[in-house]
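Each chain, written out:
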Amino acid sequence: MATESDMSSWTDLLHSSTKLLEQAAPSAQFPPLQRNLDQLEALSKKLKSKTLRAEAPSQSIAATRLLAREGLNAEQLARDLKSFELKTTFEDVFPAEATSVEEYLQQVHEMAMVSAIQEAQKDNLKSFNDCMMKVMKEDWQKEKCDFLQSLSRISTLPRTNISDSSAGATRPGQIVSLISSPQISSGPSSMELAPLANKPVLEKKASVYAEVVKNLNSARERGLPFKPATAFKDAYESLGLETSGGKSVNMQKIWHLLQTLMGEDIAVQRNVSTKMSLVIGARRHLEWGHEKYIMDTIQSHPVQAALGGVVGNLQRIRAFLRIRLRDYGVLDFDAGDARRQPPVDTTWQQIYFCLRTGFYEEAIEVARSSRVSNQFASQLTEWITTGGMVSAETAAVASEECDKMLRMGDRVGRAAYDKKKLLLYAIVSSSRRHIDRLLRDLPNLFNTIEDFLWFKLSTVRDCPGGSSSVVLNEGLVPYSLDDLQNYLNKFEPSYYTKNGKDPLVYPYVLLLSIQLLPTVLYLSKEMGVEGYNVDATHISIVLADHGVLSEGAVAGQKLGVMDAFAEASSIIRQYGLVYLRSGDLSTVLEYYAQAAAAVGGGQLSWTGRGNIDQQWQRNLMLKQLLTELLLRDGGIYLLLGPRGAGEEGELSRFMTDVKARQQFLLEASCQCQDAGLYDRSIEIQKRIGAFSLALDTINKCLSEAICALARGRLDGESRTAGLIQSGNEILETYKYYPEVSFQEREHVMEQQTVLRQLEAILSIHKLARVGHYLDALREVAKLPFLPLDPRAPDGTPDVFQNLSSHVQACVPDLLKVALSSLDYVTDIDGSLRALRTKEMTSLEVGSWKLEVGSWKLSEVQFDVKL
């Protein structure tokens, strides 16, 4: 239905048409035509149909012509298609070959199962795609956040609230007390720490690791037991950073490996060397991982495992074998009646997997309880009790058994798992020849690199001079750690990391093969968002603390003991510099202490039980690092405390002897002077009671400031005021100092005299600068160390040769001021003429001699321009 607006438009059109019709003049060429509405509608439809036919595509026209040639009406066909309706019909879609109901039902069942499987596959595929999309989005969000956080890497470590140095900056030479600045923070008490959950990954890791380092240092100072690898592992786990991400090795796994390598989880065997202790620790880590694998397998196949309520170690191994050997028939420990069906003998399987999982007692129990392994039980017991270092006779017997099995080869019908017997005898024999042949003939013997490395580590023997130098009976050469390392190092790191997809596999393999320093160096170069370089620093702390960095050096690349420890110390110190740049001196101190301890041999250096060379290296580096902190803003407050010579500061933690502490501070003050840090040098000298040295430093700075003032330096006046005030404060402190030697008192009095002389010279310069020339000349005449008083006799005693060098440096400028002042003063009684005579007779331009009467005071080279 047309709306009111449409009707009004039509009405307007009708009126306009009527007017045009009335106005139009009749034409003979075109006679008028009159049509009603019905006729107009019919004509419009006819015109429309012609237009549609003209606009029809060529394909439609061709189709219509084709149907017309075949005698078909296209319009009739279109009408019939519109009335066509599809209906569902039911018919048998299965083949008609079924001649019975059973066959038909079987076909229906099979088809239903296939359909169900296909539907399940589609659902699984959809669920998998959805899950992968979700994981991809989460990983993308994580990568994006890590990338944004890495852009602000400068703020990834805690910052202390140190007041802006420019706010209260002092000019060079001005001495300001460093012990009364509450804004300076030396510890985490004044840090503005954000909640740990809101920090980036790198900062989280650095924060928890730094706390462990502080606890480690505190325990070592007090002689308390501390397990650094365990503490770092717990700190890392507290962050909850681990996600699978398709990586086989994560940092949590590496920390657990370090824990077992250092023997922090169990008591270390006393009858083995340090190298073999590390090998055993690496083996135990792999055994721990295999135990987890067995339990996961049992939980994934509870029906086949048939573990029941028994939770013994041997029962777990047997449950695992039920799953692993499920296609081989009835196993011997499950056979109720052996006469019905011969069971599968799993003796060697049980022994091998007991050893592989670390169940040594159960392995011995199985070996003793079976007839086929009864002779092997004694060899296995010796291998377990000696940590792999069996006697030459036992190794020879096991090697002979290996030779027999290798000569026989695989018999027809012999099960593949019987090769576990060959592995066990090869482990006991530790024969390099048998091990190489075993891996050459059976390249697919091990499914994972963990199984391969466990077998290799189990065969390693401790050979102090290399495996080639140890030859047992009948030319038997044992397999050594060098052999394992050389084999693993044939492959590039990218081979282990799968071109960077699994980056921690290579350092994991290095640690398992006891290549400790290469592990730290490799991880320290990884500067990604995961912060593996941070982990590398703290791994080096653990290895240095246990003193094992020099163990397991690769053949051909052996470093000296000090080289390995010095390398780790450098890594720790470089990491501490990051905190130094951010101003956290307290944390820097903890890492510097660890850097010094690393050079000294680790834990032994804290108690002084290391060798002499390492102790000397440790003390030397500690002094160097502590001096570096003293030169920093806030370093004196941190190390020495608010007062005293370190009794109330952190310095007493590392230097308990008072004399050693004072000697160190004295040397540090000299280094401060060499670096031009006179304010810190004076502060340190005041703390240790060296007041004469502090006054000497002040007099030196004051002398330079007076010379600068005389030459027109604008900051000279402010410097001199601060120096004089600092000197007076030292003299005031000196009066109440409890213990001052007689010699020190004499030196203080001498320096006080020099200070007053310089103060008098300074006052003359000030009088001359403000135009009080007469007063300046009067003060010059009063100077006791310059015989310029016109009323004094010529025979004045020699005082210039005993004058301090700081005062001597100011004399040329002083005489220049005195001579210049004479030009502005009128001589009334002749005294000024006498003064000028004394001055002029004692001055020569270029090289001059200061002489009064017939005696010589001194000869000094000055360049005086009058």
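Reading the values: rules and limits
- Residues numbered from 1 in each chain as written.
- Predicted model: local features only at pLDDT ≥ 70, side-chain atom pairs only at ≥ 80, totals over all residues.
- Heavy atoms only, no water.
- Helix = DSSP H or I, 4+ residues; strand = E, 2+ residues; numbered from the N terminus.
- Buried < 20%, exposed > 50% of the residue type's maximum accessible area, 1.4 Å probe, protein only.
- Contact = heavy atoms within 4.5 Å.
- Areas by Shrake-Rupley, 256 points an atom, 1.4 Å probe, with all protein chains shown as cover.
- 1 Å grid on protein atoms, 1.4 Å probe; cavity = no way out; pocket = protein on both sides within 12 Å on 5 of 7 lines; lining within 4 Å.
- Points joined across faces, edges and corners; volume = space filled by probe spheres on them.
- Salt bridge = Lys/Arg side-chain N within 4 Å of Asp/Glu carboxyl O.
- Arc of directions from axis to C-beta.
- Lys, Arg positive; Asp, Glu negative; His and termini not counted.
- Polar contact = N/O pair within 3.5 Å; in protein donor to acceptor, adjacent residues only side chain to side chain.
- Phe/Tyr/Trp six-rings, centres within 6.5 Å; stacked < 30°, edge-to-face > 60°.
- Lys NZ or Arg CZ within 6 Å of the ring centre and 35° of its normal.
- Axes fitted to C-alpha atoms, helices over the stretch in contact; angles between N-to-C directions.
- Parallel < 35°, antiparallel > 145°, perpendicular 65-115°, else oblique.
- Nonpolar A, V, L, I, M, F, W, Y, C, P; charged D, E, K, R; others polar.
- Disulfide = S-S within 2.5 Å.
- Left-handed = near helix turned anticlockwise from the far one by under 90°.
- pLDDT = per-residue confidence, 0-100.
- Patch = residues over 30% accessible without salt bridge, like charges linked within 9 Å, V, L, I, M, F, W, Y side chains within 5 Å.
- Expected span 1.5 Å × (residues − 1).

Our focus in this paragraph is the overall build of the protein chain. The number of helices and strands found in the protein chain is 38 helices and two strands. Looking at the protein chain as a whole, 42% of its 866 residues are labelled buried. For the protein chain, the share of sequence-separated contacts (at least 6 apart) that also reach a separation of at least 24 residues comes to 63%. Entry remark: accessible area of the protein chain is about 48,200 Å², with carbon and sulfur atoms responsible for 53%.

This paragraph deals with empty space enclosed by the protein. Counted according to the given criterion, the structure contains three cavities of 30 Å³ or more. As a volume, the second largest cavity reaches approximately 50 Å³. Around the second largest cavity, the lining residues are Lys275, Arg461, Asp462, Cys463, Ser480, Leu481 and Asp482.

Opposite charge on two side chains lets them pair, provided their charged atoms get close. Applying the stated criterion to the full structure yields 22 salt bridges. With a shortest N-O distance of 2.7 Å, Arg220 and Asp545 are connected by a salt bridge. With Arg220 in helix 6 (residues 201-222) and Asp545 in helix 23 (residues 532-546), this pair connects stretches of sequence that are 325 residues apart. For Lys421, the salt bridge identified is with Glu401, shortest N-O distance 3.9 Å. Of this pair, Lys421 sits in helix 16 (residues 419-429) while Glu401 sits in helix 15 (residues 392-408), and the two are 20 residues apart along the sequence. Overlapping salt bridges bring together Glu221, Glu590, Glu650 and Arg653 as one network.

To continue, consider helix 17 (residues 432-441). Along helix 17, the positions that sit buried rather than exposed are His434, Ile435, Leu438 and Leu439. Buried residues of helix 17 fall within an arc of 125 degrees about the axis and therefore sit on the same side. For helix 17, the exposed residues set more than 90 degrees away from the buried face come down to Arg433 and Arg440. Lining the buried residues of helix 17 we find helix 15, helix 16 and helix 18 (449-459).

Moving on: unusual backbone geometry. Backbone geometry at Ser430 places phi at a positive 55 degrees, although glycine is not the residue there. With respect to the helices and strands, the residue Ser430 is situated in the loop between helix 16 and helix 17. Even without glycine at this site, Ile514 takes up a positive phi of about 60 degrees.

Further remarks concern the side chain of Lys456. With respect to the helices and strands, Lys456 occurs in helix 18. Of the buried charged residues, Lys456 lacks a salt bridge, with Asp436 as the closest side chain of opposite charge at 4.6 Å. A polar contact of 2.8 Å, which involves the side chain of Lys456, links it to the side chain of Tyr479. In contact with Lys456, not counting residues within four places along its chain, are Ile435, Leu439, Tyr479 and Leu484.

All told, the structure shown has 23 aromatic pairs when counted by the stated rule. Between the aromatic rings of Tyr209 and Phe232, the centroid separation amounts to 5.5 Å while the plane-to-plane angle is 90 degrees, which identifies the pairing as edge-to-face. With Tyr209 in helix 6 and Phe232 in helix 7 (residues 228-239), this pair connects stretches of sequence that are 23 residues apart. Here Tyr209 and Phe232 have matching classes, each one buried. Geometrically, the ring pair formed by Phe491 and Tyr495 is stacked, given 4.7 Å between the ring centres and 20 degrees between the ring planes. Using a relative accessible area of 53% as the deciding quantity, one classes Tyr495 as exposed. By the ring-pair criterion, three or more aromatic residues cluster together here, those being Phe446, Phe452, Phe455, Tyr487, Phe491, Tyr495, Tyr496, Tyr506 and Tyr522. Sitting over the face of the ring of Tyr352, Lys420 holds its NZ or CZ atom 5.3 Å from the ring centroid.

Tracing the backbone through its elements, the reader meets Val548 in the loop between helix 23 and helix 24 (561-582). Overall, the relative accessible area of 6% leaves Val548 in the buried class. Separated by 274 residues in the primary sequence, Val548 and Thr274 place their C-alpha atoms 7.7 Å from one another. Other than its neighbours up to four places away in sequence, Val548 contacts Met262, Thr274, Leu278, Leu516 and Leu543.

All right, on to the packing of helix 9 (residues 274-300) against helix 12 (residues 347-356) then. The N-to-C vectors of helix 9 and helix 12 enclose an angle of 115 degrees; their axes lie 8 Å apart at closest approach. As summarised for this structure, helix 9 and helix 12 are arranged roughly perpendicular, according to the angle between their axes. Of the residues in helix 12, those touching helix 9 at Leu286, Glu287 and His290 are Phe353, Leu355 and Arg356. Its residues assigned to classes, the contact of helix 9 with helix 12 shows three nonpolar, one polar and two charged.

Turning next to the state of the cysteines. Scanning the model with the defined rule gives zero disulfides in all. Cys670 provides the cysteine sulfur closest to Cys672, a residue in no disulfide bond, and the two sulfurs are 9.1 Å apart. Since its relative accessible area comes to 0%, Cys672 is described here as buried.

It is at 8 Å that the axes of helix 21 (residues 505-512) and helix 22 (residues 516-524) come closest, and there the two elements cross at 165 degrees. As judged from the angle between their axes, helix 21 and helix 22 are roughly antiparallel. In the crossing of helix 21 with helix 22, the sense of the turn from one axis to the other is left-handed. Residues Tyr506, Pro507, Leu510 and Leu511 of helix 21 touch helix 22, and the partners they reach there are Leu516, Pro518, Thr519, Tyr522 and Leu523. Partitioned by chemical class, the residues of the contact of helix 21 with helix 22 number eight nonpolar, one polar and no charged.

This part covers the confidence of the model for the protein chain. With 76% of its residues at a pLDDT of 70 or more, the protein chain shows a mean pLDDT of 77. Long-range and interchain partners of residues 152-195, a stretch whose pLDDT sits below 50, account for 70 contacts in this model, where long-range means more than four residues apart. Within the model, the stretch residues 466-470 combines pLDDT values under 50 with 10 contacts to residues more than four positions away or in other chains.

A contiguous nonpolar patch, built from Val101, Tyr104 and Leu105 and spanning about 280 Å² of accessible area, is present on the exposed surface. Here Tyr104 shows up in helix 5 (residues 101-151). Tyr104 sits in the partly exposed class, given a relative accessible area of 32%.

Turning our eyes to something else, we now look at helix 14 (residues 374-385). If you check helix 14, its first and last C-alpha atoms are 18 Å apart, about what 12 residues at 1.5 Å a residue would give, namely 16 Å. Residues of helix 14 that are buried include every one of Phe376, Ala377, Gln379, Leu380, Thr381, Trp383 and Ile384, and no others. On its buried side, helix 14 packs onto helix 9, helix 12, helix 13 (360-369), helix 15, helix 16 and helix 18. Positive backbone phi, approximately 70 degrees, marks Gly387, located one or two places after helix 14.

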